[in-house]
Amino acid sequence: MSVFPPTFAEDVINHDVRSQFDAFLDEHRRALYESLDGLTEEQSRRSLVPSRTTLLGLLKHATFVEKVWFDEAITCRSRSEIGIPATPDESFILEDTDTIASIQQAHREACEASRLAASALGLDDLVLGNRRGPLPLRWVYLHMLRELAQHCGHADILREQVTSK
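Only a predicted model underlies this, so the values are computations on that prediction, with no experimental measurement involved. (Residues numbered from 1 in each chain as written. Predicted model: local features only at pLDDT ≥ 70, side-chain atom pairs only at ≥ 80, totals over all residues. Heavy atoms only, no water.)

Caption draft 1: Just the packing of helix α1 (residues 17-34) against helix α5 (residues 100-119), in detail. One can describe the packing of α1 onto α5 by two numbers: an axis separation of 11 Å at closest approach and a directional angle of 170°. The orientation of α1 relative to α5 falls into the category roughly antiparallel. Contacts from R18, D26, R29 and Y33 in α1 reach Q104, H107, R108, C111, S114, R115, A118 and S119 in α5. Classifying every residue of the contact of α1 with α5 gives 3 nonpolar, 4 polar and 5 charged. (Axes fitted to C-alpha atoms, helices over the stretch in contact; angles between N-to-C directions. Helix = DSSP H or I, 4+ residues; strand = E, 2+ residues; numbered from the N terminus. Parallel < 35°, antiparallel > 145°, perpendicular 65-115°, else oblique. Contact = heavy atoms within 4.5 Å. Nonpolar A, V, L, I, M, F, W, Y, C, P; charged D, E, K, R; others polar.)

Next up, the structure:
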């Protein structure tokens, strides 16, 4: 079971924009995290497409993305300092020691760290650690929503294929 804030998009209709962004992000984080619930380790690693995309790999990649946008971009630490791969493609690679539990734990911790890192910033504050140059936190939130929504769609399709076989 996931440990994400209990707020959903419907709960923040009349709230400020920041609360809405946070709720939408957490809703997508939760959906991707829960895409592994009830699967076997084999099912989570099953490759059904020519790319490295698997359900477990998607959550591992989402953990990487959290660290890129809420650690690297905000703290200006390098990827090697953070301990993440140099490229997004590498973030899908599964190690023998990667399990549903270990990847879900890493994702949960990355999301908690992301929330903490962003909490002191306003949506118009600039983050300076991205290769594109200074970006407002608002742009980071929108980028993360796009990224997570896309991967939630991938996970829905993969999960349907994995559980129907």
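Caption draft 2: Fine view of the packing of aromatic side chains. Evaluated as defined, the whole model comprises 3 aromatic pairs. Between F21 and Y141, the ring centres sit 5.5 Å apart and the planes meet at 65°, which makes this aromatic pair edge-to-face. Linking F21 in helix α1 with Y141 in helix α6 (residues 137-163), this pair joins segments that are 120 residues apart in sequence. According to the relative accessible area criterion, Y141 is buried, its value standing at 3%. (Phe/Tyr/Trp six-rings, centres within 6.5 Å; stacked < 30°, edge-to-face > 60°. Buried < 20%, exposed > 50% of the residue type's maximum accessible area, 1.4 Å probe, protein only.)

Caption draft 3: Examining α1 more closely. Over its 18 residues, α1 extends 26 Å from the first C-alpha to the last, a length consistent with the 26 Å expected when each residue adds 1.5 Å. Taken as a whole, α1 has its buried residues at R18, F21, A23, L25, D26, H28, R29, R30, L32 and Y33. Where α1 is buried, its residues meet α3 (55-75), α5 and α6. Among the residues of α1, the N-terminal cap falls to D16, whose side-chain oxygen and the backbone nitrogen of R18 are separated by 3.2 Å. (Expected span 1.5 Å × (residues − 1). Polar contact = N/O pair within 3.5 Å; in protein donor to acceptor, adjacent residues only side chain to side chain.)

Caption draft 4: Just the pattern of salt bridges, in detail. Within this structure, the stated rule accounts for 10 salt bridges. For the salt bridge of D22 with R18, the shortest nitrogen-to-oxygen distance reads 3.5 Å. Of this pair, D22 and R18 both sit in helix α1, 4 residues apart, which is roughly one turn of that helix. Residue classification places D22 among the partly exposed residues on the basis of a relative accessible area of 29%. Linked by salt bridges that have partners in common, D26, R29, E66 and R115 make up one network. (Salt bridge = Lys/Arg side-chain N within 4 Å of Asp/Glu carboxyl O.)

Caption draft 5: Fine view of the environment of S47. Here S47 lies in the loop between α2 (41-45) and α3. When the C-alpha atoms of S47 and M144 are compared, they prove to be 25 Å apart, with 97 residues separating the residues in sequence. Here V49 takes part through its backbone oxygen, which lies 3.4 Å from a polar atom of the side chain of S47.

Caption draft 6: Molecular detail of the nonpolar core. The biggest cluster of nonpolar side chains holds 38 residues, and the ones touching the most others in it are L32, W69, F70, Y141 and M144. For this core, the secondary-structure elements that each account for two or more residues are α1, α3, α5 and α6. Setting aside anything within four residues of it in sequence, one finds W69 in contact with I74, N130, R132, L135, W139, V140, H143 and M144. (Core = buried A, V, L, I, M, F, W, Y, C linked by side-chain atoms within 4.5 Å.)

Caption draft 7: Just the side chain of R108, in detail. Structurally, R108 is set in helix α5. A polar side-chain atom of R108 sits 2.2 Å from a polar atom in the side chain of Y33. Beyond its immediate sequence surroundings of up to four residues, R108 is in contact with V3 and Y33.

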